[in-house]
Amino acid sequence: MAEHEALPWQPYPELNDEARIARARAFLAEIATRRSCRAFGERPVPREVIEAALRAAGSAPSGANRQPWHFCAIAGAEAKAAIRVAAEEEERHFYANRAPRSWLDAVRPLGTHADKPFLETAPWLIAVFARRLADEEAVPRNYYVTESVGIATGILLATLHAAGIATLVHTPRPMRFLNRVCRRPDSEKALMLIVAGHPAPEAMIPAAGSMKKPLEEISSWL
């Protein structure tokens with residue numbers, strides 16, 4: 001006898017194999033057009049879009065279903081300005097003192113640097129936090145935290161892209177300042193900052209960013 005409550009499986013739409021292949025290829029064709037944007041315009045994005053994307057992220061699988069994530073959606077000018085100041089300070093120090101030569105060589109074709117004006121220009125920033133501790137005192141910790149938050153963030157990015165919203169994953173190091181700005185507890189770890197909005201008219205894509213490895217290099221079949 002089952003020791004846990006269970007619900008009936010919710011069936012997927014009945015499809016034949018040809019329809020499944022078509023759906024998979026249609027999603028591939030759409031998601032393959034996603035690119036990181038580093039020049040955003042000020043045109044607003046409705047809060048409802050961000051809410052839907054966060055709900056989609058919250059549907060992700062997670063270790064023991066603990067859902068060890070917190071997403072802080074930031075639209076206020078004061079908070080975005082504070083994040084830009086702190087992020088650029090860390091980035092300048094990183095580029096000048098901590099970044100190894102191999103890393104600088106790797107990102108040079110992408111044109112990245114310490115100046116991050118998009119952190120103020122874009123209508124939304126989403127700070128992604130990993131929650132190491134659970135809410136319940138009887139269950140003090142979460143499991144597979146980084147893996148779970150990574151899956152949820154991938155769904156978040158895919159949803160925003162499907163809504164026609166440009167995104168950028170920004171990872172300044174260290175990111176403890178995000179706990180302060182977002183008023184999150186020290187027990188949570190900031191993993192990344194998602195910049196979301198509409199691309200600026202002058203936005204460009206580094207040619208190197210469109211070069212993706214072929215299937216033969218990223219998969220094997222047994």
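Since the model is a prediction, treat every value here as computed from it, not as a measurement. (Residues numbered from 1 in each chain as written. Predicted model: local features only at pLDDT ≥ 70, side-chain atom pairs only at ≥ 80, totals over all residues. Heavy atoms only, no water.)

Draft legend 1. Molecular detail of the packing of aromatic side chains. This structure, assessed with the given rule, holds 1 aromatic pair. Residues Trp9 and Tyr12 carry aromatic rings whose centres are separated by 5.5 Å and whose planes lie at 75° to one another, so their mutual orientation is edge-to-face. Just as Trp9 is exposed, Tyr12 falls in that class too. (Phe/Tyr/Trp six-rings, centres within 6.5 Å; stacked < 30°, edge-to-face > 60°. Buried < 20%, exposed > 50% of the residue type's maximum accessible area, 1.4 Å probe, protein only.)

Draft legend 2. Structural view of helix α1 (residues 17-31). With 15 residues, α1 ought to run about 21 Å at 1.5 Å a step, and its terminal C-alpha atoms sit 21 Å apart, in line with that. Capping the start of α1 is the job of one residue whose side-chain oxygen sits 3.2 Å from the backbone nitrogen of Glu18: Asn16. (Helix = DSSP H or I, 4+ residues; strand = E, 2+ residues; numbered from the N terminus. Expected span 1.5 Å × (residues − 1). Polar contact = N/O pair within 3.5 Å; in protein donor to acceptor, adjacent residues only side chain to side chain.)

Draft legend 3. Region of interest: a positive patch on the surface. A cluster of basic residues, Arg132, Arg173, Arg176 and Lys189, forms a positive patch at the surface. If you trace the backbone, Lys189 turns up in strand β4 (residues 188-197). Exposure remark for Lys189: the relative accessible area of 45% places this residue in the partly exposed category. (Patch = residues over 30% accessible without salt bridge, like charges linked within 9 Å, V, L, I, M, F, W, Y side chains within 5 Å. Areas by Shrake-Rupley, 256 points an atom, 1.4 Å probe, with all protein chains shown as cover. Salt bridge = Lys/Arg side-chain N within 4 Å of Asp/Glu carboxyl O. Lys, Arg positive; Asp, Glu negative; His and termini not counted. Charge placed at Lys NZ, Arg CZ, Asp CG, Glu CD.)

Draft legend 4. Spatial organisation of the packing of helix α2 (residues 47-58) against helix α6 (residues 145-162). Axis separation between α2 and α6 bottoms out at 8 Å; the angle between their running directions is 145°. The crossing of α2 and α6 is right-handed. Residues Val49, Ile50, Ala52, Ala53, Leu54, Ala56 and Ala57 of α2 pack against Ala152, Ile155, Leu156, Thr159 and Leu160 of α6. Partitioned by chemical class, the residues of the contact of α2 with α6 number 11 nonpolar, 1 polar and no charged. (Axes fitted to C-alpha atoms, helices over the stretch in contact; angles between N-to-C directions. Left-handed = near helix turned anticlockwise from the far one by under 90°. Contact = heavy atoms within 4.5 Å. Nonpolar A, V, L, I, M, F, W, Y, C, P; charged D, E, K, R; others polar.)

Draft legend 5. Representation of α2 within the structure. When the terminal C-alpha atoms of α2 are compared, their 16 Å separation across 12 residues agrees well with the 16 Å that a helix rising 1.5 Å per residue should span. Residues Ile50, Ala53, Ala56 and Ala57 constitute the buried set of α2. Each buried residue of α2 lies within a common arc of 120° when the element is viewed along its axis, so the set occupies one face. Opposite its buried face, α2 presents the exposed residues Arg47, Glu48 and Arg55, each directed more than 90 degrees away. Looking at the packing, one finds that the buried side of α2 touches β1 (69-74), β2 (124-131) and α6. (Arc of directions from axis to C-beta.)

Draft legend 6. Structural view of the environment of Ala190. Take Ala190: it is sitting in strand β4. Given a relative accessible area of 9%, Ala190 falls into the buried group. Distance from Ala190 to Pro100, taken between C-alpha atoms, is 22 Å for residues 90 residues apart in sequence. Beyond its immediate sequence surroundings of up to four residues, Ala190 is in contact with Val128, Phe129, Met175, Leu178 and Asn179.

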